[in-house]
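Coordinate analysis (summary)
Each chain, letter by letter, is given below.
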Amino acid sequence: MDRKTFLSRLSLGLSGLIATLIAIPVIGTLIAPLVMNEPRKWRDVGSVDKFEQGSIGLVEFKGAGYKPWSGKAAKQAAWVKRESASKFIAFSVNCTHLGCPVRWQKDAEMFFCPCHGGVFYDDGTVAGGPPPRELQRYPIRVKNGRVQVLTSPVPITNITA
């Protein structure tokens, strides 16, 4: 084998190796959502007595993919509404327009998005502004006198309990 052929094959071999190394994470990123289970876990947000009937309050909890090194990125929040002695609703804090955090205004009995003027009624339905759909919901349950929220990485679909 002459020098030119050797260098040509070496160049092609190294180029193929580099292309393979670049393709592995790209292919993994495309395939991972199809084969990985979405992490979900019930998180305690307080005792039933913590929530007054008819009130809405902000609760924080560790997210679905919590790891000890996650820091503040692992925290999620939800607005919890107690409708009756045993019925609760948990709304995502993110506006369905662009994901900005909504805040509850007790006097107006509405959720407001400060970024683009989105407004939601106390049941999460759109009252005005650009949001295309109601606030996303987390599944919620009462177990042994404790209120629990089922976490998900990002509440993408409207899940009702």
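Structure first, text after, so check above.
Read on for a plain summary of the structure. (Residues numbered from 1 in each chain as written. Predicted model: local features only at pLDDT ≥ 70, side-chain atom pairs only at ≥ 80, totals over all residues. Heavy atoms only, no water.)

Focus: the overall build of the chain
Quick note on the threshold: Numbering of helices and strands starts at the N terminus; helices are DSSP runs of H or I of at least 4 residues and strands are runs of E of at least 2. Atoms considered for the radius of gyration are the C-alpha atoms alone. The globule rule reads 2.2 Å times the number of residues to the power 0.38.
A count of helical and extended segments in the chain gives 1 helix and 11 strands. Going from the N terminus to the C terminus, the chain shows its helices and strands as α-β-β-β-β-β-β-β-β-β-β-β. Computed over the C-alpha atoms, the radius of gyration of the chain is 24 Å, more than 25% above the 15 Å expected from 2.2 N^0.38 for a compact globule of 161 residues. Considering only C-alpha atoms, the chain reaches an extent of 85 × 40 × 25 Å along its principal axes.

Topic: unusual backbone geometry
Residues other than glycine seldom take positive phi values, yet E109 does so here, at roughly 55 degrees. Its place among the elements puts E109 in the loop between strand 5 (103-105) and strand 6 (110-112). Of note, the phi angle at N144 is positive, near 55 degrees, even though the residue is not glycine. Among the structural elements, N144 can be located in the loop between strand 10 (140-143) and strand 11 (146-150).

Observations concerning the side chain of K81
Defined as follows: Polar contacts here mean pairs of N or O atoms no more than 3.5 Å apart (in protein, one a potential hydrogen donor and the other a potential acceptor; neighbouring residues in sequence count only if both atoms are side-chain atoms). Only heavy atoms matter for contacts: two residues are in contact if any of them lie within 4.5 Å across the pair.
The residue K81 is located in strand 3 (residues 75-82) in this model. Side chain to side chain, K81 and D122 meet in a polar contact 3.3 Å long. Excluding anything up to four places from it in sequence, K81 contacts S55, I56, K87, F88, I89, F91, D122 and D123.

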